[in-house]
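# Structural overview for review
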Amino acid sequence: MSATLEVEPVPKPVSREAAGPARIRRPSRRTAARRSLRRHWQLYLLVVVPLAYFVIFKYIPIANAVIAFKNYSPVKGPWGSEWVGFRNFELFFANPVFWTLVKNTFILAAYTVLASFPIPIILAIALNEIRNGRFKKIVQLVTYAPYFISTVVVVSMTILVLSPRLGFVNDAIGLFGVPAVDFLGNPDYFRHIYVWSDVWQTTGYSAVIYLAALAGIDPALHESAKIDGATRLQRIWYVDLPGIMPTAVIILVLGVGNIMSIGFEKAFLLQNPLNLAQSEIIATYVYKTGLLNADFSMATAIGLFNSVINLFLLLGVNFAAKRITGNGLWS
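Here's a quick rundown of the structure. Residue numbers restart at each chain and count upward from 1, following the sequence in its written direction. It should be noted that, the model being predicted, local features are given only for residues of pLDDT at least 70 and side-chain atom pairs only at 80 or more, the latter also being counted only at that level, while totals for whole chains, interfaces and linings use all residues. Side-chain calculation: all heavy atoms of the structure are included, whereas hydrogens and water are not.

### Overview of the overall build of the chain
For clarity, the cut-off: By definition, any uninterrupted DSSP run of H or I lasting at least four residues is a helix, any uninterrupted run of E lasting at least two residues is a strand, and each is numbered from the N terminus. Based on C-alpha atoms, the radius of gyration is set beside the globule rule, defined as 2.2 Å times the residue count to the power 0.38. Only protein chains enter the area calculation, which uses a 1.4 Å probe; residues under 20% of their type maximum are buried, those over 50% are exposed, and those in between are partly exposed. Any two residues whose heavy atoms approach within 4.5 Å are treated as being in contact. All accessible-area figures derive from a Shrake-Rupley calculation using a 1.4 Å probe, and residue coverage is judged against the displayed protein chains alone.
For the chain, the count of helices and strands is 17 helices and two strands. What you see for the chain is a C-alpha radius of gyration of 31 Å, clearly larger than the 20 Å of a compact globule of 331 residues, by over 25%. Dimensions of the chain along its principal axes, counting C-alpha atoms only, are 140 × 70 × 35 Å. Within the span of the chain, comprising 331 residues, buried residues form 31% of the whole. By sequence separation, contacts in the chain at least 24 residues apart represent 63% of the contacts at least 6 residues apart. When the accessible surface of the chain is summed, it comes to about 22,500 Å², and 66% of that surface belongs to carbon and sulfur atoms.

### Details of a positive patch on the surface
Note the cut-off: Within this analysis, patches are made of residues with over 30% relative accessible area and no salt bridge. Like charges are joined at 9 Å or less; nonpolar side chains (Val, Leu, Ile, Met, Phe, Trp, Tyr) at 5 Å or less. Salt bridge criterion: a side-chain nitrogen from Lys or Arg within 4 Å of a carboxyl oxygen from Asp or Glu. Only four residue types enter the charge count: Lys and Arg as positive, Asp and Glu as negative, with His and the chain ends excluded. Here the site of a charge means atom NZ of a Lys, CZ of an Arg, CG of an Asp or CD of a Glu.
On the surface, a cluster of positive charge is contributed by Arg-30, Arg-34, Arg-35, Arg-38 and Arg-39. Within the fold, Arg-34 resides in helix α2 (residues 29-39).

### Describing the nonpolar core
Applied cut-off: Among the buried residues, those of types Ala, Val, Leu, Ile, Met, Phe, Trp, Tyr and Cys that are joined through side-chain atoms within 4.5 Å form a nonpolar core.
Counting residues in hydrophobic clusters, the biggest one holds 32 residues, and the most contacted among them are Phe-92, Leu-108, Tyr-194 and Leu-270. Elements represented by at least two residues in this core include exactly α5 (87-94), α6 (98-116), α11 (187-215), α14 (264-270), α16 (282-292) and α17 (296-325). In terms of residues, this core owes the most to one element, α6, which gives seven residues. Setting aside its immediate chain neighbours within four residues, Phe-92 contacts Phe-98, Leu-101, Tyr-285, Met-298, Ile-302 and Phe-305.

### With respect to the packing of helix α9 (residues 151-161) against α11
Selection criterion: Here the axes come from fitting lines to C-alpha atoms, over the contacting stretch only for helices, and the angles between their N-to-C directions go from 0 to 180 degrees. Here the word oblique covers every angle except those under 35 degrees (roughly parallel), over 145 (roughly antiparallel) and from 65 to 115 (roughly perpendicular). Note on convention: the crossing is left-handed when the near helix lies turned anticlockwise from the far helix by less than a right angle, right-handed when the turn is clockwise. Amino acids outside the nonpolar list (Ala, Val, Leu, Ile, Met, Phe, Trp, Tyr, Cys, Pro) and the charged list (Asp, Glu, Lys, Arg) are all regarded as polar, and Gly is one of them.
Contact pair α9 / α11: the axes reach a minimum separation of 11 Å and the direction vectors enclose 125 degrees. Here α11 runs oblique to α9, going by the angle between their axes. As α9 runs across α11, the sense of the crossing is right-handed. Contacts between α9 and α11 involve Thr-151, Val-154, Met-157 and Thr-158 on the former and, on the latter, Ile-193, Ser-197, Trp-200 and Gln-201. Considered class by class, the residues forming the contact of α9 with α11 number four nonpolar, four polar and no charged.

### Re the packing of helix α13 (residues 232-257) against α17
In contact at an axis separation of 8 Å, α13 and α17 are set at 155 degrees when each is read in the N-to-C sense. The orientation of α13 with respect to α17, classified from their angle, is roughly antiparallel. Helix-helix and strand crossings are classified by hand; for α13 and α17 the assignment is right-handed. On the side of α13, the interface is formed by Val-249, Val-253, Val-256 and Gly-257, while α17 contributes Asn-310, Leu-313, Leu-314, Val-317, Asn-318, Ala-321 and Thr-325. Taken together, the residues of the contact of α13 with α17 break down into seven nonpolar, four polar and no charged.

### Observations regarding the pattern of salt bridges
Side chains that differ in charge, positive against negative, can pair when their charged atoms come close. Enumeration over the complete set of coordinates arrives at four salt bridges. Its salt-bridge partner being Asp-198, residue Lys-266 comes within 3.8 Å of it at the nearest N-O pair. Highlighted residues: Lys-266 in helix α14 and Asp-198 in helix α11, separated in sequence by 68 residues. Overall, Lys-266 belongs to the buried group, its relative accessible area being 6%. Three or more residues are tied together by salt bridges with common partners; here these are Glu-129, Arg-131 and Arg-232.

Below is the structure:
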């Protein structure tokens, strides 16, 4: 009698595809935020102070921009004053000085951006190529020191230097038989005086930013360029300039974004009745309208118009820079 041995078949393993995708439980956003807060609470604590500064002094005051659409009365306050809609804007646009203010502001700001943008880059590259450490420190000190001089002192120095009677500029040109020139009284000289005094004051500070960007360039790129026989100028053109391009684009975008918010202080201090044709800009007009004439609604409307123009310029230039160079404020 023979016995039969029955062997049960071994079940085949089920593949992951047949079983279906495994479900992985991901933590919710609230849970992930709590976990990140517990792990990095020191970093979040550092953010609290600057965030509070912007909220208190930048974002909350935006609500008071409603004054631009009202006939503001200090007694009734910004919310109790009479609503007039766009009347303040219409009055400003119909004002004969409107186009003069816009033209003076735009030309002065564009001149400042164009003059102050390339010079710090040139200075930073020149300092980066200097091998004498002592001379490099002296040049950095001489170019960086004017940044710590207040605008009032700079304007006072400018007035003394360009004075028709006491200024050494007129004394110097007088040696060649040229009669004394009233630089501050001639409106044609105002923009040049404003821009180049600003360049003198800020070039050293701006160059530090580009020096930091140059320090971040990989030295192996320069070594490779030397091996390939590149000259110093070629290394500057093909290694240094592309290396600082992202920083330069961001600074240019920010500069153009503030092109209509040119500084009030220096323009007002250099202003006089003789050069008013070119020195009167939106910032000085807002000061005279709002504080001297106590027309707060009109001044707020002008300031709001200025801010909107700046916003569109910032977005437009950032978009163009992103399309052309691939770099912008928001990646």
